[in-house]
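# Per-entry structural report
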Amino acid sequence: MRKQVLKTVGLLAIALTVSFFAPQRAAADDDDPPSRVARLAYAGGAVSFEPAGTDDWVSAVVNRPITTGDKLWNDNGARSELNIGSAYIRLGSNTGFSFLNLTDNTTQLRITEGTLNIRVRNLDTDETFEVDAPNLAFSILRPGNYKINVNEAGDTTVIVVRNGEGEVTGGGSAYTVHPGEIGTFIGTDQIDADVEGWGNDEDDFDGWCAERDHRIDHSVSAKYVSSDAIGYEDLDEYGGWRPVAEYGTVWFPHTAIVGWAPYHYGHWIWVSPWGWTWVDDAPWGFAPFHYGRWIAVGGVWGWVPCAPRVVVGVAYVRPVYAPALVAWVGGPHFAVGIGIGGGGGFAAGVNVGWFPLGPREVYVPSYRVSRTYVNNVNISNTTVNTTVVNNYYNTTVVNKNVTNIKYVNQGVPGAVSATTPQAFTSAQSVGRNSVRIDQREVASAPVAASAPTVAPAKQAVLGSGAVAAVRPPASIQTRQVVAKTAPPPAPVAFEKQQEAVKANGGKPLATSEIRQLQPQSAQVHPSIKIAPPSKPATPQNAQANRTNAQPQNAQVNKTNGQPQNANSNRPVTPSNTVQPVQGNKPGNAPANTGNQNVSQKTYGDRPPTARPTNANTVNPQLEQKHQQELEQLRQKQDQERQKVEQQQQQERLKQQQQADEAKQQQLNQRHQQQLDQLEQKHNQEEQRMKQKQQQEHQQAKPAPAKPAKDEKPPKKP
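What counts, and where the lines are drawn
- Residues numbered from 1 in each chain as written.
- Predicted model: local features only at pLDDT ≥ 70, side-chain atom pairs only at ≥ 80, totals over all residues.
- Heavy atoms only, no water.
- Pairing = 2+ DSSP bridges.
- Helix = DSSP H or I, 4+ residues; strand = E, 2+ residues; numbered from the N terminus.
- Phe/Tyr/Trp six-rings, centres within 6.5 Å; stacked < 30°, edge-to-face > 60°.
- Buried < 20%, exposed > 50% of the residue type's maximum accessible area, 1.4 Å probe, protein only.
- Polar contact = N/O pair within 3.5 Å; in protein donor to acceptor, adjacent residues only side chain to side chain.
- Contact = heavy atoms within 4.5 Å.
- Core = buried A, V, L, I, M, F, W, Y, C linked by side-chain atoms within 4.5 Å.
- Arc of directions from axis to C-beta.
- pLDDT = per-residue confidence, 0-100.

## What about the sheet that holds strand S26 (residues 417-419)?
Taken in spatial order, the four strands line up as S26-S25-S24-S27 in an open sheet, and their pairing is antiparallel. Among the strands making up the open sheet, the edge pair consists of S26 and strand S27 (447-448). Two elements, strand S25 (residues 352-356) and S26, share three bridges in a ladder whose sense is antiparallel. Bridge pairing links Gly 353 to Ala 418 in S26.

The structure is reproduced here in structure tokens:
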């Protein structure tokens, strides 16, 4: 009887606890920012960017996190690529694009003109993926490969479903587009639908997209890091994986900078609702700075990744994006804890310092989040359990006691980076505006978990990109699109958010606080037309015509991927002006890189003749053999680089003990030459191997079929 009473009391206590905490947790969860963003992974040609809440167009910078309300414009001949983890979105020439909504379970895109190629890798049962065009809304129903083209007038949309399935909604009708079909939808208030079998016609843009997919499908890094960690596919060409005791398999970048350290070469920007966000200069510099942790091994920095999706005995949690996984250095010479002050900036002469968090160290967001979010952003990114997270959170955040916390990277030589307040708040290069620091001072300086509390200047929102030389025509910017799902209201103007951040003591605004800034009378979105209720409809062509070739009225221009009949007023881009495709290059490095000594990386570059061909002409055994050859070569190169780096580190430590600055500078120059020569040697080795593999590909091609005896060969022109 006593046991039964205790059991009943225990159950009541649990029930009361749940009823007490559940509403608070639910309310707090509403303020949690999305666990994912989009990464600008590639920008070739004139690609312009407009941050949400501004009217300013700047040149797009690779590795910029992009989220709800942000806009892109690809000018004539330009191409770009976005990655949201579960999908890759590629923009062709003369394309206007924006995110109407990007959350954990909603992706809503807006295209006002131009061409999109979308490869959806994963689509959860509760996830919505919608593309809103001027005359229709297209809902992606299954993972697959899709191409959407909107003509210049905005009254014709052509949709190709290579594989997958989607539904078109517009003009009161709904049409399903099945795998292997191309649909042409003409009109606005009423849609004239024509769906036929896709003739497997491809243009230069399609070939470029296929090549980008090839490097994803053959990524070695997918063995060691979660495929939901945005940007992981870039790691293959710019570093190598090595087993490290206690930490598992660790990725070490191939850098051409003596004494390189993470979070040293890039700049800080302000992205709402996360606040201060790191943008790295390196073309691979996204995944290692927003997921996982860093550790110094033998004086060389390596990245400890978040675990792959399939790990036996470990529950998988999708990695949660973080703006920067660093701790901030305090003390009299650093700005941690300094408020915005009367002038809205840092105190005069006070610098900003930070260093990367190590494995098993807890990241505490500077923006308002729930405790559930704190747990998820940590356990999904490093080997740390909820008990450690809770203890750390209670110690450092609740009780504000950091004296007992020992950070593994704080005392590593060269780990701490510092810059001036002006450079920090105006998106200037940290590498070009670094501040010399006393290693002994920072090794014992107090540490703060949160970023400096300072309201951003507008330049911090615009980022490091120069004023855009091109921007979309006014008619394209204001063009209305059709939506099936109502998106959130238009972004709040930056000036309004800036005043609210100042009133909030320089801290980022919570999602609910941003919503309160929106006038109650504001429209859902001024450029959105919600589609009227629709009924299933049958397109003009019957089901039997699905296997037919692509109709003539939807022929795609082989240069820019746009329908010929739908863009007659726009000049066709000559084929020789299209931006060159750079093989496996993940993207162009920002023009304002923080270090001028960085060598231009050529790992993985392939000539146009070495691009992957159609699946029906690829020899799988030969492809696998070549992939293994490249992997073995890169492992050998990585071992060689590791040996050189360790020798250099030993020489630098020995020279530092002698305290001879002149000799130390000479040593650094010699080490830089060694790294440059090693880089050049490795590039030449890869080029020779790729040429050899290309010859093998050519030799493996089947001989052309001979004409039958009663047939005559075609006459030469």
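## Focus: the packing of aromatic side chains
Scanning the model with the defined rule gives 26 aromatic pairs in all. Ring geometry for Phe 286 versus Tyr 321: centroids 6.3 Å apart, planes at 20°, classification stacked. Of the two residues, Phe 286 is situated in the loop between strand S21 (275-280) and helix H3 (287-290) and Tyr 321 in the loop between strand S23 (300-304) and strand S24 (326-329); the sequence distance between them amounts to 35 residues. Assigned by exposure class, Phe 286 and Tyr 321 land together as buried.

## So, the side chain of Asn 117
By the secondary structure assignment, Asn 117 is in strand S9 (residues 106-120). Judged by its relative accessible area of 2%, Asn 117 is buried. Polar contacts involving the side chain of Asn 117 include one to the side chain of Asn 145, which spans 3.4 Å. Not counting chain neighbours up to four residues away, the residues in contact with Asn 117 comprise Tyr 88, Ile 89, Arg 90, Asn 145, Tyr 146, Lys 147, Arg 162, Phe 205 and Cys 209.

## Notes on the nonpolar core
Residues Tyr 263, Trp 268, Tyr 291, Trp 294, Trp 303 and Trp 354 are the most contacted members of the largest nonpolar core, which totals 84 residues. Grouped together as the second largest cluster of nonpolar side chains are 44 residues, Ala 38, Leu 109, Leu 136 and Val 150 included.

## Notes on the environment of Ser 366
Position of Ser 366 relative to the elements: it lies in the loop between S25 and helix H4 (371-379). Engagement of the side chain of Ser 366 in a polar contact is seen with the backbone nitrogen of Ala 451, the distance being 2.7 Å.

## Digging into the pairing of strand S20 (residues 266-271)
Residues in a regular strand project their side chains so that they alternate between the two faces of the sheet. The buried fraction of S20 is high, at six of six residues. Burial of S20 is two-sided: the residues Gly 266, Trp 268 and Trp 270 facing one way and the residues His 267, Ile 269 and Val 271 facing the other way are all buried. The pairing of S20 with S21 spans six bridges and is classified as antiparallel. Bridge pairing links Gly 266 to Asp 280 in S21.

## Digging into the environment of Phe 252
On the secondary structure map, Phe 252 appears in strand S19 (residues 248-253). Here Phe 252 falls in the buried class, since its relative accessible area comes to 2%. Leaving out residues up to four positions away in the same chain, Phe 252 has contacts with Tyr 238, Gly 239, Gly 240, Arg 242, Val 244, Val 297, Val 300, Trp 301, Gly 302 and Asp 638.

## Topic: helix H10 (residues 494-503)
Of all the positions in H10, only Phe 494, Gln 497, Gln 498, Ala 500 and Val 501 are classed as buried. Axial view of H10: buried residues confined to an arc of 165°, hence all on one face. Contacts made by the buried residues of H10 are with S20, helix H8 (458-462) and helix H11 (511-517). Just downstream of H10 lies Gly 505, where phi reads positive at about 75°.

## A few points about the environment of Asn 74
The topology assignment puts Asn 74 in strand S5 (residues 71-74). Classification of Asn 74 by relative accessible area gives buried; the value is 0%. Beyond its immediate chain neighbours, meaning those up to four positions away, Asn 74 contacts Ala 46, Val 47, Arg 79, Ser 80, Leu 91, Gly 92, Ser 93, Asn 94 and Thr 95. In this structure the side chain of Asn 74 is engaged in a polar contact, spanning 3.2 Å, whose partner is the backbone oxygen of Gly 92.

## So, the confidence of the model for the protein chain
Residues of the protein chain with pLDDT of at least 70 account for 75%, and the chain-wide mean is 79. Taken as a whole, residues 1-28 scores under 50 in pLDDT and shows three contacts with residues more than four places along the chain or in a different chain. Here residues 337-345 scores under 50 on pLDDT; set against residues more than four positions off or in separate chains, the count is 15 contacts.

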